Amino acid sequence: MTLVAGVDSSTQSCKVVIREAETGRLVRTGRAAHPDGTEVDPRAWWDGLQKAIAQAGGLDDVAAAAVAGQQHGMVCLDDSGAVVRPALLWNDTRSAEAADDLVEEFGGGETGRRAWADAVGSVPVASFTVTKLRWLARHEPSAADRTAAVCLPHDWLTWRLGGAADLDALRTDRGDASGTGYWSPATGEYRPDLLEHAFGRRPAVPVVLGPREPAGHLPSGAPLGPGTGDNAAAALGVGALPGDVIVSIGTSGTVFGVADTPAADSSGAVAGFADATGRFLPLVCTLNAARVLDAAAALLGVDLDELARLATTAPPGADGLVLVPYLEGERTPNRPLSTGAVHGLTLRTATPAHLARAAVEGMLCALADGLDALRGQGATANRVILVGGGARSEAVRRIAPEVFGSPVLVPAPGEYVADGAARQAAWVTLGGSQPPSWSAGQVREYAAAPVPRIRDQYAEARDLVIDRPMTSR
C-alpha cells in the first residue's frame, strides 16, 4: 500500500491527511491551531505543521507529500534565510492604498486596471503580495532593505520540510504564483519589472514548477510535490473539471471555476489565476464568509446549529431584512474600508429568526455576485459545488439554490484543500499525464425554486454601503 500526505496550512489551522495513493482512502489525520490575526510569524505555521504531522502518525511511511497554503501572504527572508518580519496575510488590508497607487501609476481607472489585467491576469487589491511589498517598502524601509527573497506561505513550508537553507532552493507552483501580482498565468513567466516597480528592486523569488515536478525531498527521501494555493488545491481535492464552479465558504468566500483559457478581467472582480493541473482558475474572492455566520450566532447567543434552525424558520427574503456582510472590509467589490450593515429593521423583522436568515442570505448574495462576475467573463457553470466549513450548515445548503438560481451539489464534509495536496503528492509518486482518479464519495444535491427578491433587496442595500475611514494599523 502506497501512502501519500497532504497538508493544508490555512489561516486558522494546519491539517494533515494521509491517504492511499491509488484510491484516496483516508488512513489517518492530524490537526493543529494557528494564531489569530492578519499578520503571523511563519514559525507558528511550522510549529503547527509539526504538531499536525505528529498527530497524523508522522511522515516516515509516505511515498510523497505536498503542501497547500493560504494564498498571497508575504513571507520575507533575509540573505541567511531568516524571516525578516511577521508575514502579512491575505486578509490584511493595510496595503489597500498601495493597491490603488499601483493602478494609478499605470494610467489609473480603466487604463491602469487593463494594464495590470493584461500583464498578470488580475488587478491589484490589498490581498495580493505585490501590494504588500509596496506597503513594506514605504512603511518599513529597514525591513524592506533586509529582504533578500520573498515567498508565499506554502513555498516557505515546502522549503522548510525539504530541509533547505539556500534561498536558491525556494520553489512554488503556477497556482500560488498567479496570486502574487508579478507572475503571468498567460505567459507562465514572472514579471520582474512589476516586482521592481512595486518594491524598488528585485528580491529573489521561488522557481515555478510544473504540476507534478518535485520541489525537494523529506528527510526520508520521499519527494515533495510543488504544492499550491488553497483554492487550486480545493479544486483538485473535489476533482473539479472544466465547466465546474466551486463555491467555497471558509474564512474567506471564493467562487472559482476550472477553465482551459486564462482570464483577464479589467474590472478587478475576477482574478485570473492558474490551477494545479496546468489549466486556469478564474476566481472571485470575498473577505467575509463563514465568520458572518459565526458573528450572527454570537450576536444571538446561539450555536451554529441553532442559527441554521432559526434561519430556516424565517421566510425567504426575511420580510425585507438585509444584512450586508462586509464585517472586515471587502475585496469583491473592492471596499477594504467598508463595514457591515443591517437594513429593513422593523418591529416585524426584529426577531432572532429574521436576523439569522438575513445573515445566511447576505453571505450567499455576496457569493452570488461573484458567480455573476465569473459568468460575465465567459465561465460556464455546468455544476455548482458547495464546499468549506460554512457548507456544513443546513440553512446554507437549503437557501443557496434560492439565491444562486440553480441546484447545488454538496460533497461529504472533508478537508478538500489537504485532500488536493495529497492527490498532487499521489500524482508525483504514481506519474501519469493526469492526477489519479479518486472517488468523490457521497454527493448530495439541493434544489429549490429561485427567489429573485432576495438578491434584488440585497443589491439595493449593498449599494448604500459607503467606505468609512478606519484607524491605521
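Note: the structure precedes this text.
Definitions and cut-offs
Residues numbered from 1 in each chain as written. Predicted model: local features only at pLDDT ≥ 70, side-chain atom pairs only at ≥ 80, totals over all residues. Heavy atoms only, no water. Helix = DSSP H or I, 4+ residues; strand = E, 2+ residues; numbered from the N terminus. Rg over C-alpha atoms; globule rule 2.2 N^0.38 Å. Buried < 20%, exposed > 50% of the residue type's maximum accessible area, 1.4 Å probe, protein only. Contact = heavy atoms within 4.5 Å. Salt bridge = Lys/Arg side-chain N within 4 Å of Asp/Glu carboxyl O. Pairing = 2+ DSSP bridges. 1 Å grid on protein atoms, 1.4 Å probe; cavity = no way out; pocket = protein on both sides within 12 Å on 5 of 7 lines; lining within 4 Å. Points joined across faces, edges and corners; volume = space filled by probe spheres on them. Nonpolar A, V, L, I, M, F, W, Y, C, P; charged D, E, K, R; others polar. Phe/Tyr/Trp six-rings, centres within 6.5 Å; stacked < 30°, edge-to-face > 60°. Axes fitted to C-alpha atoms, helices over the stretch in contact; angles between N-to-C directions. Parallel < 35°, antiparallel > 145°, perpendicular 65-115°, else oblique.

## Brief notes about the overall build of the protein
On a plain count of helices and strands, the protein comes out with 15 helices and 24 strands. For a compact globule of 473 residues, the expected C-alpha radius of gyration is about 23 Å, and the protein comes in at 21 Å, within 12% of that figure. Out of the 473 residues belonging to the protein, those deemed buried represent 58%. Once local pairs closer than 6 in sequence are excluded, the contacts in the protein between residues at least 24 apart make up 72%.

## Observations concerning unusual backbone geometry
Although it is not a glycine, His72 adopts a positive phi angle of roughly 75°. Relative to the helices and strands, His72 is located in the loop between β5 (62-69) and β6 (75-77). The backbone of Ala318 shows a phi angle near 50°, a positive value even though the residue is not glycine. Structurally, Ala318 is set in the loop between α11 (304-313) and β20 (322-324). The exposure class assigned to Ala318 is buried, which follows from its relative accessible area of 0%.

## What to know about the pattern of salt bridges
This model, assessed by the stated rule, comprises 31 salt bridges. One salt bridge connects Glu20 with Arg25, and the closest N-O pair in it is separated by 2.9 Å. Two residues, Asp118 and Arg114, come together in a salt bridge whose shortest N-O distance is 2.9 Å. With Asp118 and Arg114 both in helix α3 (residues 109-120) and four residues apart, this pair spans about one turn of that helix. Take Asp118: its relative accessible area is 51%, and that puts it in the exposed class. Classification of Arg114 by relative accessible area gives partly exposed; the value is 30%. The network of salt bridges with common partners includes Arg335, Asp369, Asp372, Arg455, Arg462 and Asp463.

## A look at the pairing of strand β17 (residues 253-257)
Most of β17 sits out of view: five of its five residues are buried. On β17, burial covers both faces: Gly253, Val255 and Gly257 on one face and Thr254 and Phe256 on the other are all buried. By the bridge criterion, five bridges tie strand β16 (residues 244-249) to β17 in an arrangement that is antiparallel. When the bridges of β17 are listed, Val247 appears paired with Val255. Linking β16 to β17, which pair antiparallel, is a turn of three residues. Alignment of β17 against strand β19 (residues 280-286), held across four bridges, turns out to be antiparallel. Bridge pairing links Phe256 to Leu283 in β19.

## Quick look at empty space enclosed by the protein
Under the criterion given, the structure shown has eight cavities of 30 Å³ or more. Lining the largest cavity, in full, are Val123, Val125, Phe128, Gly268, Ala269, Val270, Ala271, Leu283, Val284, Cys285, Arg331 and Thr332. Its residues assigned to classes, the lining of the largest cavity shows nine nonpolar, two polar and one charged.

## Regarding the packing of aromatic side chains
The full count for this structure, using the stated rule, is three aromatic pairs. Taken together, a centroid distance of 5.2 Å and an interplanar angle of 65° make the contact between Phe106 and Trp116 edge-to-face. Of this pair, Phe106 sits in the loop between α2 (96-104) and α3 while Trp116 sits in helix α3, placing them ten residues apart in sequence. Consider the rings of Phe128 and Phe273, whose centres lie 6.1 Å apart with planes at 50°: the pair is tilted.

## Notes on the packing of helix α10 (residues 290-300) against helix α12 (residues 352-376)
For any two helices packed against each other, the geometry comes down to the angle between their axes and how far apart the axes lie. Across the interface, α10 lies against α12 with an axial gap of 9 Å and an inter-helix angle of 170°. As the angle between them shows, α10 and α12 are arranged roughly antiparallel. Taken together, the residues of α12 that come into contact with α10 (itself represented by Ala290, Val292, Leu293, Ala296, Leu299 and Leu300) are Pro352, Leu355, Ala356, Ala359, Val360 and Met363.

## What about the pairing of strand β18 (residues 271-274)?
Every second residue of β18 is oriented toward a common face, with Ala271 and Phe273 on one face and Gly272 and Ala274 on the other, all of them buried. Pairing geometry for β18 and β19, over four bridges, is antiparallel. Directly across from Ala271, in β19, lies its bridge partner Leu283. What sits between β18 and β19 in their antiparallel hairpin is a turn of five residues, with Gly278 showing a positive phi close to 105°.

## Some details on helix α6 (residues 153-161)
Across the nine residues that make up α6, a large majority, eight, are buried. Three or more residues of α6 are buried, namely Pro153, His154, Asp155, Trp156, Leu157, Thr158, Trp159 and Leu161. The first or second residue beyond α6 is Gly163, which carries a positive phi of 75°.

## With respect to the layout of surface pockets
In this structure, the largest pocket occupies an estimated 930 Å³ of space. Lining the largest pocket are 42 residues, and of these Ile249, Gly250, Thr251, Gly388 and Gly389 lie nearest its centre. Among the secondary structure elements, those contributing two or more residues to the lining of the largest pocket are β2 (13-20), α9 (230-237), β16, β19, α10, α11 and α14 (416-430). No other element matches the four residues that α10 contributes to the lining of the largest pocket. By volume, the second largest pocket amounts to about 600 Å³. Taken together, 30 residues form the lining of the second largest pocket, with Gly237, Val238, Gly239, Trp438 and Ala440 sitting closest to its centre. At the level of elements, α9, β22 (383-387), β23 (408-411) and α14 are the ones that each hand at least two residues to the lining of the second largest pocket. The element best represented in the lining of the second largest pocket is α14, accounting for three residues. Partitioned by chemical class, the residues of the lining of the second largest pocket number 15 nonpolar, nine polar and six charged.

Purely geometric numbers; function is a separate question.
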